[in-house]
2 protein chains.
Amino acid sequence: MRFTGERSEDGITERLFELTVAGDVVPGVLWAPEGATGPRPLVLIGHGGGQHKTAPPVIGMARRYIKALGCAVCAIDAPEHGARVPPAEAPALAQRAREQMTRSGGMRGEALDATMARAAKARPEWTAALDAVQGLAFVGASGKVGYAGVSMGAFIGIPFVADEPRVTAAMFGLAGAPDEGHALVQAARRIAIPIEFALQWDDEMVSREAGLSLFGAFGSKEKTMHANAGGHMAVPVFERASWEGFFARHLGATSGS
Amino acid sequence: MRFTGERSEDGITERLFELTVAGDVVPGVLWAPEGATGPRPLVLIGHGGGQHKTAPPVIGMARRYIKALGCAVCAIDAPEHGARVPPAEAPALAQRAREQMTRSGGMRGEALDATMARAAKARPEWTAALDAVQGLAFVGASGKVGYAGVSMGAFIGIPFVADEPRVTAAMFGLAGAPDEGHALVQAARRIAIPIEFALQWDDEMVSREAGLSLFGAFGSKEKTMHANAGGHMAVPVFERASWEGFFARHLGATSGS
C-alpha cells in the first residue's frame with residue numbers, strides 16, 4: 001500500500017493510495033475522521049459504471065457515513081475505470097461501453113459478460129484493499145465492515161461479498177441477471193448477511209424481473225428491497241438517508257476517536 | 001360527531017367519538033397534541049384485521065407521528081371490528097374470519113370478497129370521519145392529510161383514497177389481488193399521490209405476485225415499495241421510522257400550536 005496523496009477538509013482526511021494486484025496498479029482512496037486513532041467500522045464503496053473512486057456520489061456517501069458513524073470509507077477504481085484508464089483513451093472506452101449496452105438491450109448479453117469479467121478481476125483487488133486498510137492502526141480489523149454499491153458497484157460487489165466473510169452488511173441495487181443459473185444469482189444465494197437492495201421499477205438497463213429475481217436469491221434472513229418508480233438513474237435522494245440508517249444499524253458507531 | 005370520552009397523557013389528548021353513517025354507529029378516536037389550536041396535518045390510520053382503533057400498533061404510530069409532526073391522528077373501527085362487535089360475539093366472529101382465510105388459502109376467494117365488502121362499507125365512514133375531524137378548529141381543512149394502513153387497513157384504504165382527493169400521501173402494504181382486473185387493482189390505478197408500500201417477501205396471506213402487481217398498479221409518479229424477508233406479521237420495526245419519514249416529507253410539520 002503506497003500512499004500518494006493526503007489532504008484534510010471539513011474534519012475528514014482523504015488519503016489516496018495504490019496497490020499492486022496481479023501486476024496491475026489499483027488506485028484507491030481512504031477517508032477517515034481527521035486525527036482518527038484506533039479501530040472503527042469500515043464501509044467499502046463500489047462505484048458505478050463510467051464513474052470512479054472519487055466521483056461525487058461516492059464522496060457524498062463517504063462524507064455522510066463518516067459524519068454519522070465515525071467510520072472509515074474506502075473506494076478503489078474498478079477495472080477500466082478512473083485513473084486506470086489513460087485520459088486520452090477514456091472517451092473511446094466510454095463510447096464502447098455505451099454501444100455494447102445498446103446492442104445488448106441493457107445489462108445482458110455482451111454488456112453483462114463484460115461487467116462480470118470486470119467483477120472477476122476486481123474481486124482480488126477488493127480483498128487486497130481490505131487487507132491493506134485493515135492493517136492501518138486507525139482502521140484496524142476489529143470493526144465491522146460494510147459494502148455499498150449499486151449498478152456496476154453491485155455486479156462487482158455481490159461476487160466479492162459472497163466470498164468475503166469480513167463484510168457483515170451490504171447495500172446493493174440496480175442489478176440483476178436474466179436467468180436463475182447466472183453466476184451473479186449463484187453468488188447472491190451464498191450471501192447470508194443483512195442486505196438492503198435498491199430496485200428501480202422502470203429501470204431501462206436492468207429488467208424488473210431480473211432485479212426481483214436477484215433480490216429473491218439472497219440467502220439473507222434480513223433483506224430489504226426498496227423499489228422506487230423511475231429509471232436506472234432516478235433513485236430518489238431520500239434513499240441516501242435509508243442507506244445511512246442501514247449501516248448505522250449494522251455497523252454501529254466507532255468507539256475509538 | 002358526538003364526543004364520548006377525553007383524556008390527556010404525555011402531551012397528547014385522546015378524544016373518543018361516534019358518528020352515525022348510513023344508520024350505523026361508527027366509533028372513532030382522534031389524537032392531537034394537548035392544548036392544540038389551529039390547523040395541522042392529519043393522518044388517518046386504518047387498523048388491521050382482528051384489531052381495532054386503539055390497538056397497540058395504531059397507538060404506537062399515532063404517538064410517533066404526533067411527536068414528530070405535531071399533527072392530529074384519527075382512527076375508526078372497521079366494520080365488524082372493535083366496539084362495533086358485542087363482546088360476546090367477538091370470539092366467534094374472529095374464529096369465522098380465520099376459518100374463511102384458511103379455506104381460501106390466504107387473502108383471496110371468499111376471504112378477499114368479505115374484506116372488499118368491508119372496504120365498501122368503510123368508505124363513506126372514512127369520508128364522514130374526515131369531514132367531521134376537519135370541522136374541528138384544532139385540525140381544520142387547510143393541513144395536508146395522509147392515510148396509513150396495512151393488511152385490512154390497505155384493503156379498506158386503497159378504495160377510499162382512490163376517491164378522496166383530500167388525502168395527498170399514503171402508506172399501504174401487506175395487500176394484493178390475484179388478478180389485474182380486480183377492483184382493488186383498479187382503485188390503485190386511480191391513485192396518483194406519493195405512496196410507500198410495505199411488502200413481505202414471504203407473506204403467507206398475500207402472494208408475492210399479488211403484492212408486486214398491486215404496487216405496480218399505483219398510478220403514482222412517486223411510489224416506493226419496501227419489501228422485507230419474512231411473513232405477514234414480520235414487518236421489521238425499522239420500517240416504522242421509514243413511515244414516519246415518509247409522512248414528514250409529504251405532510252410537513254404543523255405551523256400552528
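Model, not experiment: these values are computed from the prediction.

Rules used in this analysis
- Residues numbered from 1 in each chain as written.
- Chains lettered and ligands numbered in written order.
- Predicted model: local features only at pLDDT ≥ 70, side-chain atom pairs only at ≥ 80, totals over all residues.
- Helix = DSSP H or I, 4+ residues; strand = E, 2+ residues; numbered from the N terminus.
- Rg over C-alpha atoms; globule rule 2.2 N^0.38 Å.
- Buried ≥ 20, exposed ≤ 12 C-beta atoms within 10 Å, placed from the backbone.
- Axes fitted to C-alpha atoms, helices over the stretch in contact; angles between N-to-C directions.
- Parallel < 35°, antiparallel > 145°, perpendicular 65-115°, else oblique.
- Contact = placed C-beta atoms within 7 Å.
- Nonpolar A, V, L, I, M, F, W, Y, C, P; charged D, E, K, R; others polar.
- Least-squares fit on C-alpha atoms with pLDDT ≥ 70 in both.
- Pairing = 2+ DSSP bridges.
- Left-handed = near helix turned anticlockwise from the far one by under 90°.
- Expected span 1.5 Å × (residues − 1).
- Core = buried A, V, L, I, M, F, W, Y, C linked by C-beta atoms within 7 Å.
- pLDDT = per-residue confidence, 0-100.
- Right-handed = clockwise from strand over helix to strand, strands pointing away.

Draft legend 1. Region of interest: the overall build of chain A. Looking only at helices and strands, chain A has 7 helices and 9 strands in total. In summary, chain A has a C-alpha radius of gyration of 17 Å against a globular reference of 18 Å for 257 residues, a match within 12%. Split into buried and exposed, the 257 residues of chain A put 47% on the buried side.

Draft legend 2. Focus on the packing of helix H2 (residues 90-104) of chain A against helix H3 (residues 109-134) of chain A. All names here are of chain A. Two elements in contact, H2 and H3, have axes separated by 6 Å at closest approach and are oriented at 130°. The pairing of H2 with H3 is recorded here as oblique in orientation. Seen from H2, the contacting residues are Gln100, Met101, Arg103 and Ser104; seen from H3, they are Gly109, Glu110, Ala111, Leu112 and Ala114. Per-class residue counts for the contact of H2 with H3 are 4 nonpolar, 3 polar and 2 charged.

Draft legend 3. Molecular detail of the relation of the copies chain B and chain A. With an RMSD of 0.0 Å, the operation that places chain B on chain A is a rotation of 180° combined with a shift of 0.0 Å along the axis. Taken together, the rotation angle and the small translation identify this as a two-fold axis. Across chain B, the rotation axis passes nearest the C-alpha of histidine 226 of chain B, at a separation of 2.3 Å. Here 100% of the contact residues of chain B are again contact residues in chain A; the copies associate through an equivalent surface.

Draft legend 4. Quick peek at the interface of chain B and chain A. The interface of chain B with chain A comprises 13 residues on the first partner and 13 residues on the second. Contributing elements (two or more residues each) for the side of chain B that touches chain A: strand S9 (223-228) and helix H7 (238-251) of chain B. The element best represented in the side of chain B that touches chain A is S9 of chain B, accounting for 6 residues. Of the residues assigned to the side of chain B that touches chain A, the class counts are 4 nonpolar, 5 polar and 4 charged. Both strand S9 (residues 223-228) of chain A and S9 of chain B contribute to a ladder of 5 bridges, which runs antiparallel. Considered in S9 of chain B, the bridge of methionine 225 of chain A is made with alanine 227 of chain B.

Draft legend 5. Quick peek at the packing of helix H1 (residues 56-69) of chain A against helix H7 (residues 238-251) of chain A. Residue and element names in this part refer to chain A. The interhelical angle for the contact between H1 and H7, taken along N-to-C directions, is 45°, at an axis separation of 10 Å. When the axes of H1 and H7 are compared, the pair comes out oblique. When the axes of H1 and H7 are compared, the crossing they make is right-handed. Seen from H1, the contacting residues are Arg64, Tyr65, Ala68 and Leu69; seen from H7, they are Arg240, Glu244, Phe247, Ala248 and Leu251.

Draft legend 6. Focus on the environment of valine 139 of chain B. All names here are of chain B. Along the chain, the position of valine 139 falls in the loop between helix H3 (109-134) and strand S6 (145-150). For valine 139, a count of 26 C-beta atoms within 10 Å corresponds to the buried category. Each C-alpha atom of the pair valine 139 and isoleucine 66 lies 12 Å from the other, and the pair is 73 residues apart in sequence. The contacts of valine 139, once residues within four sequence positions are left out, are Ala32, Pro39, Arg40, Leu42, Ala72, Val133 and Gln134.

Draft legend 7. Layout of helix H1 (residues 56-69) of chain B. Residues and elements named next belong to chain B. Taking 1.5 Å per residue as the helical rise, H1 with its 14 residues ought to reach 20 Å, and the 20 Å between its terminal C-alpha atoms agrees with that figure. The inward-facing, buried residues of H1 contact strand S2 (12-21), strand S3 (24-33), strand S4 (42-45), strand S5 (72-76), S6 and H7. Phi turns positive, to about 65°, at glycine 70, one or two residues after H1.

Draft legend 8. Structural detail: the nonpolar core. Ala72 and Val73 of chain A together with Val73 of chain B are the most contacted members of the largest nonpolar core, which has 164 residues in total. Each residue touching valine 73 of chain A, except ones within four places of it in the same chain, is listed here: Trp31, Val43, Ile45, Ala62, Tyr65 and Ile66 of chain A.

Draft legend 9. Fine view of unusual backbone geometry. All names here are of chain A. One non-glycine residue with positive phi stands out, namely serine 151, at about 55°. Its identity is not glycine, yet leucine 174 carries a phi of approximately 55°, on the positive side. Mapped onto the fold, leucine 174 is located in the loop between strand S7 (167-173) and helix H5 (183-189). Taking the number of C-beta atoms within 10 Å as the measure of exposure, leucine 174 has 26 and is therefore buried.

Draft legend 10. How the structure looks around the confidence of the model for chain A. For chain A, the mean per-residue pLDDT works out to 96, and 99% of the residues sit at or above 70. Under the prediction, the complex receives an ipTM of 0.86, its pTM being 0.91.

Draft legend 11. Representation of the pairing of strand S7 (residues 167-173) of chain B within the structure. Residues and elements named next belong to chain B. Judged by how many residues are buried, S7 sits mostly within the fold: 6 of 7 residues are covered. Bridge count for S6 against S7 is 6 bridges, and the pairing is parallel. Counted as the bridge partner of glycine 149 is phenylalanine 172 from S7. As for the winding sense of the linkage, the β-α-β connection from S6 through helix H4 (residues 152-162) to S7 is right-handed. Bridging between S7 and strand S8 (residues 195-200) involves 4 bridges; their strand directions are parallel. Across the sheet, residue methionine 171 finds its bridge partner in S8, namely glutamate 196.

Draft legend 12. Representation of the pairing of strand S1 (residues 2-9) of chain B. All names here are of chain B. Counting buried positions along S1 yields 0 of 8 residues, so the element is predominantly exposed. In the sheet, S1 pairs with S2 via 7 bridges, with the strands oriented antiparallel. Note that in S2 the partner of serine 8 across the bridge is threonine 13.

Draft legend 13. Geometry of the environment of arginine 2 of chain A. Residue and element names in this part refer to chain A. Topologically, arginine 2 is positioned in strand S1 (residues 2-9). The class for arginine 2 is exposed, based on 10 C-beta atoms found within 10 Å. Along the primary structure arginine 2 and glutamate 18 are separated by 16 residues, whereas in three dimensions their C-alpha atoms are 5.2 Å apart. Here arginine 2 is in contact with Phe17 and Glu18, once residues within four sequence places are set aside.

Draft legend 14. Expanded view of the environment of glycine 48 of chain B. All names here are of chain B. Relative to the helices and strands, glycine 48 is located in the loop between S4 and H1. Along the primary structure glycine 48 and asparagine 228 are separated by 180 residues, whereas in three dimensions their C-alpha atoms are 19 Å apart. Setting aside anything within four residues of it in sequence, one finds glycine 48 in contact with Val150, Ser151, Met152 and Gly153.

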